[in-house]
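Now for the letters of each chain:
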Amino acid sequence: MRFVQVDVFADSAYRGNPLAVFPDAGSLETAQMQAIASEMNLSETTFVTSHTRDFYEVRIFTPTEELDFAGHPTLGTSWVLRKENLVDTDELTQRSRAGDTRVRLDGDRVWFVRTGSSGQDEDDRHPDYSVLLARGLGLQDGDVGLEARELGRSGHLRPAFADGGLRHLMVPLRNLDALAAVRPNPATLPDVRPGGYYCFTALQAGRFRARGFFPGLGVDEDPATGSAAADLGLYLADRVGPMDAEIVQGVEMGRLSRLLVRAKPGEVYVGGSCHQVLNGTLAELPPK
């Protein structure tokens, strides 16, 4: 069975987040997909189970479990299907366990759009949440939180969940030094499954640096996380208003990634570029 590996949210090959795409996987059973994803050992592997000219169904797996939705697999799978001429329009619908996601191919970029919202600040629900979170991330007590003036606005950003398809905890950090110092200890962190911890700080208005940690999904750190970038767009739109933003992720892993976000309350677009790295064929399928 043939697959294609691409780098997503990448300015060039060998950057961004790798993804293995199996474009004709309708004959595989769930256990086989999970075994293959474990063998690929990437943050995600996708299996296209059916497709028409403007629609496809996909299943998305980490090395340890299946996901309802994920961002870089959405962009990478759409890009591969278009490049392979398995779809022939630039406006696509992807169906995963999270429902339908609209995808648009625009030159060398791919975009998906999701709707969703962010929740109440966790410090309003649980006293000292930011302090406990900081300690679980290996940071100082005052490192969690970000002054919105860094974005040209007023107020103070604090941790909160957002959900644009896969629920993650948004963790604003004081500065780049705090972001670089993050060393999560899952044993002392609050449980945020099914998602993870998306730590970010502001470089200037409209520009962010981020790191994503997903220990509950078998991914210690991810070089580029489209679902979390969507959640960050929803989180920021609810707190500081509509914005276009660029998120740089993966620097600490040596996998520079660039994620583009266009957000307004309740709706977010996430885009980036893809680069094919290899074609491959499985020598042997896992047993059914």
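Before reading on, note that the structure itself is shown above.
Keep in mind the model is a prediction, meaning the values are calculated, not measured. Every chain is numbered independently, its residues counted from 1 as its sequence is written. Since the coordinates come from a predicted model, pLDDT governs what is reported: local features require at least 70, and pairs of side-chain atoms require 80 or more to be given and counted, while whole-chain, interface and lining totals use all residues. Only hydrogens and water are set aside when side-chain values are computed; all heavy atoms of the structure are taken into account.

> An account of the overall build of the protein is needed here, citing residue identities and associated values.
Counting from the N terminus, the helices are the DSSP runs of H or I reaching at least four residues and the strands are the DSSP runs of E reaching at least two. Within the protein, the regular secondary structure consists of six helices and 19 strands. The quantity called the radius of gyration is restricted to C-alpha atoms. Its globule counterpart is 2.2 Å times the number of residues to the power 0.38. At 18 Å, the protein has a C-alpha radius of gyration in line with the 19 Å of a compact globule built from 288 residues. Dimensions along the principal axes, computed over C-alpha positions, put the protein at roughly 50 × 35 × 30 Å. Per-residue accessibility, obtained with a 1.4 Å probe over protein chains only, is compared with the maximum for each type, and a residue is labelled buried under 20%, exposed over 50%, and partly exposed between these values. The buried share among the 288 residues of the protein stands at 56%.

> Could you give an account of the side chain of T89, naming the residues involved and the relevant values?
By the secondary structure assignment, T89 is in the loop between α2 (71-83) and β6 (91-96). Owing to a relative accessible area of 14%, T89 belongs among the buried residues under this scheme. The contact criterion used is simple: two residues touch if any of their non-hydrogen atoms lie within 4.5 Å. Excluding its chain neighbours within four sequence positions, the residues that come into contact with T89 are R53, D54, R82 and L105.

> Describe in detail the pairing of strand β3 (residues 45-51), supporting the description with residues and values.
Two strands pair if DSSP finds at least two bridges between them. Two elements, strand β2 (residues 17-22) and β3, share three bridges in a ladder whose sense is parallel. Residue pairing across strands places V21 opposite T46, the latter belonging to β3. Two elements, β3 and strand β4 (residues 55-61), share six bridges in a ladder whose sense is antiparallel. The residue bridging T45 from the neighbouring strand is F61, located in β4.

> Describe helix α6 (residues 226-240), and please don't skip the residues or the numbers.
The length a helix should cover is 1.5 Å for every residue beyond the first. Its 15 residues give α6 an end-to-end C-alpha distance of 21 Å, which sits within 8% of 21 Å, the value for a rise of 1.5 Å per residue. In terms of residue burial, α6 counts as a mostly covered element, since 13 of its 15 residues are buried.

> Give me the lowdown on the pattern of salt bridges, citing residues and values where you can.
A pairing counts as a salt bridge when a side-chain nitrogen of Lys or Arg comes within 4 Å of a carboxyl oxygen of Asp or Glu. Applying the stated criterion across every chain, the model contains 24 salt bridges. The closest approach of N and O atoms between R59 and E66, which form a salt bridge, is 2.9 Å. The class of E66 is buried, set by a relative accessible area of 14%. Of the charged contacts, one joins R209 and E252 as a salt bridge, the two residues approaching to 2.7 Å between their closest N and O atoms. Linking R209 in strand β15 (residues 207-214) with E252 in the loop between β17 (243-249) and β18 (257-264), this pair joins segments that are 43 residues apart in sequence.

> So what about the packing of aromatic side chains? Which residues, and what values?
Two rings from Phe, Tyr or Trp (for Trp, the six-membered ring) form a pair when their centres are within 6.5 Å of each other. A pair whose planes differ by under 30 degrees is stacked, one over 60 is edge-to-face, and the rest are tilted. A complete count under the given rule lists six aromatic pairs for this structure. An angle of 85 degrees between the planes, with centres 5.7 Å apart, marks the rings of F47 and F61 as edge-to-face. With a gap of 14 residues between them, F47 in strand β3 and F61 in strand β4 connect regions that are remote in the sequence. Across the pair, F61 and F47 agree in class, each one buried. Between F200 and Y235, the ring centres sit 5.9 Å apart and the planes meet at 75 degrees, which makes this aromatic pair edge-to-face. Pair noted here: F200 is in strand β14 (residues 197-204) and Y235 is in helix α6, with a separation of 35 residues, a long-range link. For the pair F200 and Y235, one class covers both residues: buried. Ring pairing ties together the aromatic residues F3, F22, F47 and F61, which thus form one cluster. Criterion for a charge above a ring: Arg CZ or Lys NZ at most 6 Å from the ring centre, at most 35 degrees from the ring normal. Positioned over the ring face of W111 is R262, at 4.2 Å from the centre of the ring.

> Please provide a residue-by-residue account of the nonpolar core, values included.
Soluble, globular proteins show a tendency: their nonpolar side chains are buried together. The biggest cluster of nonpolar side chains holds 57 residues, and the ones touching the most others in it are F208, Y235, L236 and I247. Per-element tally for this core: the top contributor is α6, with nine residues. With sequence-adjacent residues up to four places away left out, Y235 is seen in contact with S118, L157, R158, A160, A162, M170, P172 and F200. Nine residue types can take part in a nonpolar core, namely buried Ala, Val, Leu, Ile, Met, Phe, Trp, Tyr and Cys, and a core is a set of them joined through side-chain atoms within 4.5 Å. In terms of nonpolar packing, the next biggest core, distinct from the first, is built from 18 residues, Y129, A134, V171 and L179 among them.

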